[in-house]
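# Understanding the architecture of this molecule
What follows is the residue order along each chain.
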Amino acid sequence: MNYLSKTPSHGFKLTGKVGDYGYRLAEIEAGGKSSSNGAIGGINLIQSESSGYQANGFKMYDILLQGGIEVAQNQWLSLKYTHYDNNINTSYVGLRPTQYMNRSKDNLPSNDRFITQRNAVDINHSLELNSDTKINTLMYWSKLSRDYWRQSILNRTQDATIFKACNVGSDCLVGRNREFQMLGIDSRVSHAYKALGITNEAEFAIRLHTESQINQLVSSQTLAYSGRVSLQEDNKANSLAMHGQNRFLLTKNFAVIPGVRIASYNQTRSNVITGQSGSAKNVETIPQIGATWQLTPQAQVYGSIYKGFAPAQLATAIDDKGVDQQLAPECSTNMELGLRGRAGAFSYDSAIFSMNFSNQIVNPSLAAGISKANGGKRLHPGAEASLADARGRGWGINGNATYIPVAKFVGTNSLGRDGNRIPYYTPKLTSNLGISYEKNGLNTLLSLNYVSAQYADSANTVAQNTIGTLGEIPAFATVNWSANYPINKDWKVFGVINNLVDKRYIASRSPDGIFAGAPLNFQAGMSYQFN
């Protein structure tokens, strides 16, 4: 995903929030702009903490520094630095069936910790050669450390998870600790021109990317979150990707956009302790074509056909002895056809789509003995739509839905049985409906969110097993409410209530037990803008 950072605004702003479960947030925003050279700069500081609804508290810091300057009349240079720090008392281990039925609010693996820290720098350069040609270049670097400490398990029953005691002379805590570094450059040239009597818009891009990973397994006999390194891997990956596309405006209302992407991805896995290493390489050509047809000024038909590509993750592509598993990349053929537009206060966007995957890549730990972890084919046809209507007198309605009637494994060579529904992330229906009201600055929204039933495994097991890791995940619906109101041009107050009816539901059974959805909770706050 490409995230757009908020452009710094002039002035100084303070924001505070509070909520139940000990939730607190403080935010400082400050920014300014030079009238002489157009330079802008800003800072954003956030500190947040909570004890957590399942006693899984956290403490988080987030810092953003950014600035930009007009180097010349046709050039712009900007710099962004981000720092993120979070310590969460969370775990892979969920509730057991009896605990879920009893609405347990305890954090059972209370010694588990997920500790992250990330620093990143982005440098952007924009050059406008003329009114038709622009070059945008991004250089980026980031470093992420992620330590996940988990207390060892002795036994699982219907009633509880029994953990291994610490400080008794044997290993009880295991840290799966990783550090990632990424460095790259991405440059894109866009050019508008006329040829063969039609208007064209071309884009060419190239990206060089390198990343490294230090992967450690650390065993501890105490709760000191440090110990003996029993595994260490130093892993690397390099990639080169190029893409080009051209938008042919065949008539003033009809455009065709063909394109192609070529990607090369090399991975190396090295075990520092045993000295074993291995590598794997993928090179893929990824074509695509899209089109838009402006039926009327208020309605447009759009469509596309494109190929998807994803190489196997390092730990799957190369085994722990350094052997290349010769995995084909996960490829897909994706198609969509849609209609979007507006009629007065009513707007809409609807589409039908199909995602046809081949060579599905599956984590070996989930592959039920499939050593090469290619789980076979899968098919996802469906439809989605979003609608919005300003009803007048301040009232508005908006909604969206995604319907996937089929999301199945295909063929006898697939990981799941032929025709079985794919577990997780593929509910038949996901929908949201919101009713809003706005008057005299007050803005409020009541929303209903619905997710249909899902399965926790590729066998589509319906009955819950003894420890709660398998079984159907029932459909659920939640209701949320939010409101904000400007007291004046500087003061604003706001609030939100999530899961308004306190619906008890299962959000997941993976990876080890039942994870309950968040119960009724609220947050409220205010902000003040100093000008």
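Below is a summary of the structure that appears in this document.

Right, let's get into the overall build of the protein chain. A tally of regular secondary structure across the protein chain gives two helices and 27 strands. The C-alpha atoms of the protein chain give a radius of gyration of 26 Å, which matches the 24 Å a tight globule of 531 residues would have. The burial tally for the protein chain puts 36% of its 531 residues in the buried class. Look at the contacts in the protein chain between residues 6 or more apart in sequence, and 61% of them connect residues 24 or more apart. Summing over all exposed atoms, the protein chain offers an accessible surface of approximately 29,000 Å²; the carbon and sulfur share of this is 57%. On the protein chain, the mean spot of the 49 positive side-chain charges and the mean spot of the 38 negative ones are 3 Å from each other.

This part covers the pattern of salt bridges. The final tally for this structure, using the stated rule, is twelve salt bridges. Arginine 188 is paired through a salt bridge with glutamate 203; the nearest N and O atoms lie 4.0 Å apart. Taken together, the positions of arginine 188 in strand β10 (residues 173-195) and glutamate 203 in strand β11 (residues 198-220) put the pair 15 residues apart, joining distant regions of the chain. We note a salt bridge from glutamate 233 to arginine 269, for which the minimum N-O separation is 2.9 Å. Of this pair, glutamate 233 sits in strand β12 (residues 228-249) while arginine 269 sits in strand β13 (residues 254-270), and the two are 36 residues apart along the sequence. The buried category is assigned to arginine 269, whose relative accessible area is 11%. Here the salt bridges do not stand alone but share partners, grouping Arg96, Arg156 and Asp512 into one network.

What follows deals with the nonpolar core. Nonpolar side chains in soluble globular proteins tend to be buried together. Formed by Leu95, Tyr100, Tyr424, Ala456, Ile473, Ile506, Ile514 and Ala516, the largest nonpolar core amounts to eight residues. Contact partners of isoleucine 473, with chain neighbours within four places excluded, come to Tyr424, Ala453, Gln454, Ile506, Ser508 and Arg509. Counting five residues, the second largest nonpolar core, distinct from the first, contains Trp149, Cys166, Cys172 and Val218.

Another point: the side chain of glutamine 300. When you line up the elements, glutamine 300 lands in strand β15 (residues 299-310). Here glutamine 294 takes part through its side chain, which lies 3.0 Å from a polar atom of the side chain of glutamine 300. A polar atom in the side chain of glutamine 300 sits 2.8 Å from the side chain of arginine 340. The residues contacting glutamine 300, other than those within four sequence positions of it, are Thr292, Trp293, Gln294, Leu295, Gly338, Leu339 and Arg340.

What follows covers the pairing of β15. Here eight bridges tie strand β14 (residues 277-296) to β15, and the two strands are oriented antiparallel to one another. Bridge pairing links threonine 296 to alanine 299 in β15. Counted between consecutive antiparallel strands, the loop separating β14 from β15 contains two residues. One ladder, built from twelve bridges, connects β15 with strand β16 (residues 330-343); its direction is antiparallel. Paired with glycine 303 across the two strands is leucine 337, which belongs to β16.

Among the secondary structure elements, aspartate 490 is positioned in the loop between β23 (476-486) and β24 (491-498). A polar side-chain atom of aspartate 490 sits 3.5 Å from a polar atom in the side chain of lysine 489. If near-sequence neighbours (up to four positions away) are discounted, aspartate 490 is found in contact with Ser527, Tyr528, Gln529 and Asn531.

What follows is about the packing of aromatic side chains. Taken as a whole, this structure holds ten aromatic pairs when the rule is applied. Considering the side-chain rings of tyrosine 21 and tyrosine 53, the 6.4 Å spacing of their centres and the 70° angle between planes classify their relative orientation as edge-to-face. Placement of the pair is tyrosine 21 in the loop between β1 (11-19) and β2 (24-33) and tyrosine 53 in the loop between β3 (40-50) and β4 (58-72), with a sequence separation of 32 residues. The partly exposed category is assigned to tyrosine 21, whose relative accessible area is 28%.

This brings us to the environment of isoleucine 467. Relative to the assigned elements, isoleucine 467 resides in the loop between β22 (442-451) and β23. The spacing of isoleucine 467 and threonine 296 is 171 residues in sequence and 58 Å in space, taken between C-alpha atoms. In this structure, isoleucine 467 is in contact with Leu95, Arg96, Pro97, Arg156, Thr157 and Gly513, ignoring residues within four places of it in sequence.

The next point concerns the environment of leucine 223. By the element assignment, leucine 223 lies in the loop between β11 and β12. We classify leucine 223 as partly exposed; its relative accessible area is 34%. In the structure, leucine 223 is positioned 124 residues away from serine 347 in sequence and 56 Å away in space, judged by C-alpha atoms. In contact with leucine 223, not counting residues within four places along its chain, are Asn111, Cys166, Asn167 and Leu173.

Thresholds applied
- Residues numbered from 1 in each chain as written.
- Predicted model: local features only at pLDDT ≥ 70, side-chain atom pairs only at ≥ 80, totals over all residues.
- Heavy atoms only, no water.
- Helix = DSSP H or I, 4+ residues; strand = E, 2+ residues; numbered from the N terminus.
- Rg over C-alpha atoms; globule rule 2.2 N^0.38 Å.
- Buried < 20%, exposed > 50% of the residue type's maximum accessible area, 1.4 Å probe, protein only.
- Contact = heavy atoms within 4.5 Å.
- Areas by Shrake-Rupley, 256 points an atom, 1.4 Å probe, with all protein chains shown as cover.
- Lys, Arg positive; Asp, Glu negative; His and termini not counted.
- Charge placed at Lys NZ, Arg CZ, Asp CG, Glu CD.
- Salt bridge = Lys/Arg side-chain N within 4 Å of Asp/Glu carboxyl O.
- Core = buried A, V, L, I, M, F, W, Y, C linked by side-chain atoms within 4.5 Å.
- Polar contact = N/O pair within 3.5 Å; in protein donor to acceptor, adjacent residues only side chain to side chain.
- Pairing = 2+ DSSP bridges.
- Phe/Tyr/Trp six-rings, centres within 6.5 Å; stacked < 30°, edge-to-face > 60°.

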